[in-house]
Amino acid sequence: MQGSRDEIILIILILMISIFFLITVSLFIVTIYLRFSTLYKNKRNKWRSKKWDPVILEVMDGLISAEEGFNNLKWRNSTEYLLHLELYVDMLKGKEKERLLALGRLSHKKLHHLIQNRNRRKQLYGVHLLGLFHPKDQYRYLRFNPRDIELSLTMIREMRTIDNFRVKERLIKMLFIFKYISPVYISNILVEMGEDIVPILRMLILERQDHPYEQVVAIETIRRMHYSGCLDIFEKILRSNKHPMVLASSLKYMEEMGDDSKVNIVKPFLSHPHPQVRIAAVNAYVSLSSVISVADISIFFNDTSVQVAVSAAKKLQMENLLPFISSEEIEQFKWTDIYKRMVY
């Protein structure tokens, strides 16, 4: 019996070793294949590039038309060619760039084929390249998929510069469908859409009271655009809104776009219950004020939150608006050490 069990264990060990050996050999073969495949593709593309470059340069310099250049190109319906052409487009401006864009537009059949391809990587290439060469026409060919966040966001990002207000309006609605996306990411896309979307952003700020996330994104976008024509609605928001993040974002806008006439609007928020609002209020108040009083300093450095005191100290250093305060008064501050280290 003992010998029988030993034979079974031996057989199991041999089978396991054989399986691991086959797996190791398979991985080795796959690695070698991928290595040589990559080397082959790189050499092939390098060789093809030498054929593409003279034609692309002639079109760029206006020596031949885009149609002539397209007819002279080999492998003109390959993704590699379009990606190679993109390298030139990214480096150029003016007429030279327009000529190469015209050349790329002649490959529209390839672009549409990429978008309709089942391969997800090719779909992403199609979305990107269509946005580069056919920005005006891409909207009619693209279909959003809320279940595929990466592809849908890539589509939106590539279409952000389309000169069509209604398209941009729909893109903004699509952006807010996707949850848990960074507001900074959304704001980056919206900023690049330009100031013609400001009416939409104003509407979001004023009417989406039950959606503070959308309000904050809209406020941050307008602030990063350095658009100063919304001071009126931010005064209204500061008087009526209760959400801390909306108030903090509005105060940041006031800090950058307001003037000393807005100080009285900002000052009440120095005593707001939420520390983030007080921090934003301190920064705005110091930036907008022409004179800082001893009473103001006392409010800053007796706040219950150390972050408020630290923010005040940094801002006061930048603005250089310190009033004279005796050492006895400084000792009475809650955050005396912060004042002495960073301001005094």
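Preceding block: the structure.
Please read all numbers here as calculations on a predicted model, not as lab measurements.

**Quick word on the overall build of the protein chain**
- Looking only at helices and strands, the protein chain features 20 helices and 0 strands.
- Among the 344 residues that make up the protein chain, the fraction classed as buried is 42%.
- If you take every contact in the protein chain between residues at least 6 apart in sequence, the share linking residues at least 24 apart comes to 64%.
- Working note: accessible area of the protein chain is about 20,200 Å², and carbon and sulfur atoms make up 56% of it.
- Here the protein chain contributes 49 positive and 38 negative side-chain charges, whose respective centroids are spaced 9 Å apart.

**Focus: the packing of helix H6 (residues 120–133) against helix H8 (residues 149–158)**
- Relative to each other, H6 and H8 sit at 10 degrees, their axes nearing to 9 Å. By the angle between their axes, H6 is roughly parallel relative to H8. Across the interface between the two elements, Arg120, Gln123, Leu124, Val127, His128 and Gly131 of H6 pack against Glu150, Leu151, Thr154, Met155 and Glu158 of H8.
- When grouped by side-chain class, the residues that make up the contact of H6 with H8 number 4 nonpolar, 4 polar and 3 charged.

**Quick word on the packing of aromatic side chains**
- Per the counting criterion, the structure on display carries 7 aromatic pairs.
- Where tyrosine 285 meets phenylalanine 300, the ring centres are 6.2 Å apart and the plane angle is 75 degrees; that geometry is what we call edge-to-face. Of this pair, tyrosine 285 sits in helix H16 (residues 275–288) while phenylalanine 300 sits in helix H17 (residues 294–301), and the two are 15 residues apart along the sequence. There is no split in this pair, since tyrosine 285 and phenylalanine 300 are both buried.

**Considering the side chain of glutamine 215**
- Looking at the secondary structure, you find glutamine 215 in helix H12 (residues 212–224).
- In terms of polar contacts, glutamine 215 uses its side chain to reach the backbone carbonyl oxygen of isoleucine 205, at 2.6 Å.
- With near-sequence residues (within four places) excluded, glutamine 215 lies in contact with Leu204, Ile205, Arg208, Gln209, Ile237, Asn241 and Val246.

**Thoughts on the side chain of arginine 48**
- With respect to the helices, strands and loops of the structure, arginine 48 is situated in helix H1 (residues 2–60).
- For the buried residue arginine 48, which engages in no salt bridge, the nearest side chain bearing the opposite charge is glutamate 80, 4.7 Å off.

**Quick look at the environment of serine 78**
- Locating serine 78 in the fold gives a position in the loop between helix H2 (66–72) and helix H3 (79–91).
- Measuring from C-alpha to C-alpha, the distance between serine 78 and aspartate 232 comes to 53 Å, with 154 residues separating the pair along the chain.
- Discounting residues that sit within four places of it in the chain, serine 78 has contacts with Arg48, Trp52 and Lys110.
- At 3.2 Å, the side chain of serine 78 forms a polar contact with the backbone nitrogen of tyrosine 81.

**Quick look at helix H18 (residues 306–319)**
- End to end, H18 covers 20 Å across 14 residues, agreeing with the expected 20 Å (1.5 Å per residue, within 8%).
- For H18, every residue scored as buried is listed here: Val308, Ala309, Val310, Ser311, Ala312, Ala313, Lys315 and Leu316.
- Just past H18, the residue asparagine 320 takes up positive phi, approximately 55 degrees.

**Things to note about the packing of H3 against helix H4 (residues 94–105)**
- Between H3 and H4, the least distance of the axes is 10 Å, while the angle of their chain directions is 165 degrees. As far as their axial angle goes, H4 and H3 are roughly antiparallel. The interaxial crossing formed by H3 with H4 has left-handed handedness. In this structure, H3 uses Tyr81, Leu82, Leu85, Tyr88 and Val89 to contact H4, whose residues at the interface are Lys97, Leu100, Leu101, Leu103 and Gly104.

**Describing the pattern of salt bridges**
- Counted under the stated rule, the structure contains 10 salt bridges.
- When salt bridges with common partners are traced through the structure, they connect Glu220, Arg223 and Glu256 into a single cluster.

**Observations concerning the nonpolar core**
- Counting 70 residues, the largest nonpolar core has Leu190, Phe234, Ile297, Phe300 and Phe301 as its most contacted members.
- Top element by residues in this core is H16. It accounts for 9 residues.
- Not counting residues within four places of it along the chain, the set of residues in contact with phenylalanine 234 comprises Ile205, Ile219, Ile222, Ser250, Tyr253 and Met254.
- Ranked by size, the runner-up nonpolar core spans 24 residues in total, among them Val55, Ile56, Val89 and Leu129.

Rules behind the numbers
Each chain has its residues counted from 1, following the order in which its sequence is written. The predicted origin of the model limits local features to residues at a pLDDT of at least 70 and limits the giving and counting of side-chain atom pairs to 80 or more, whereas totals for whole chains, interfaces and linings rest on all residues. Hydrogens and water molecules were not included; the side-chain quantities draw on all heavy atoms of the structure. What counts as a helix is a DSSP run of H or I of at least four residues, what counts as a strand is a run of E of at least two, and both are numbered from the N terminus. For each residue, the accessible area found with a 1.4 Å probe, counting protein chains only, is set against the maximum for its type, and the residue is called buried under 20%, exposed over 50%, and partly exposed in between. Only heavy atoms enter the contact rule, under which two residues are in contact if any of them lie within 4.5 Å. For the area figures, the Shrake-Rupley method with a 1.4 Å probe applies, and any residue is considered shielded solely by the protein chains shown. A positive count includes Lys and Arg, and a negative count includes Asp and Glu. His and the chain ends are not counted in either. Throughout, a charge is located at the NZ atom of Lys, the CZ atom of Arg, the CG atom of Asp or the CD atom of Glu. Every axis in this analysis is a line fitted to C-alpha atoms, fitted for helices over the stretch in contact. Angles between the N-to-C directions lie between 0 and 180 degrees. Here the word oblique covers every angle except those under 35 degrees (roughly parallel), over 145 (roughly antiparallel) and from 65 to 115 (roughly perpendicular). In this classification, the charged set is Asp, Glu, Lys and Arg, the nonpolar set is Ala, Val, Leu, Ile, Met, Phe, Trp, Tyr, Cys and Pro, and all remaining amino acids, among them Gly, are polar. Ring pairs are drawn from Phe, Tyr and Trp, using the six-membered ring of Trp, whenever the two centres fall within 6.5 Å, and their geometry is named by plane angle: stacked under 30 degrees, edge-to-face over 60, tilted for the rest. Between N or O atoms, a polar contact is any pair within 3.5 Å; within protein, one atom must be a potential hydrogen donor and the other a potential acceptor, and residues adjacent in sequence are included only when both atoms are from side chains. Salt bridge, as used here: a side-chain nitrogen of Lys or Arg that lies within 4 Å of a carboxyl oxygen of Asp or Glu. By definition here, a helix of n residues has an expected span of 1.5 Å times n minus one. Crossing chirality is assigned from the near helix's rotation relative to the far helix, an anticlockwise turn below a right angle marking it left-handed and a clockwise turn marking it right-handed. Buried Ala, Val, Leu, Ile, Met, Phe, Trp, Tyr and Cys residues that are joined via side-chain atoms within 4.5 Å together make up what is termed a nonpolar core.

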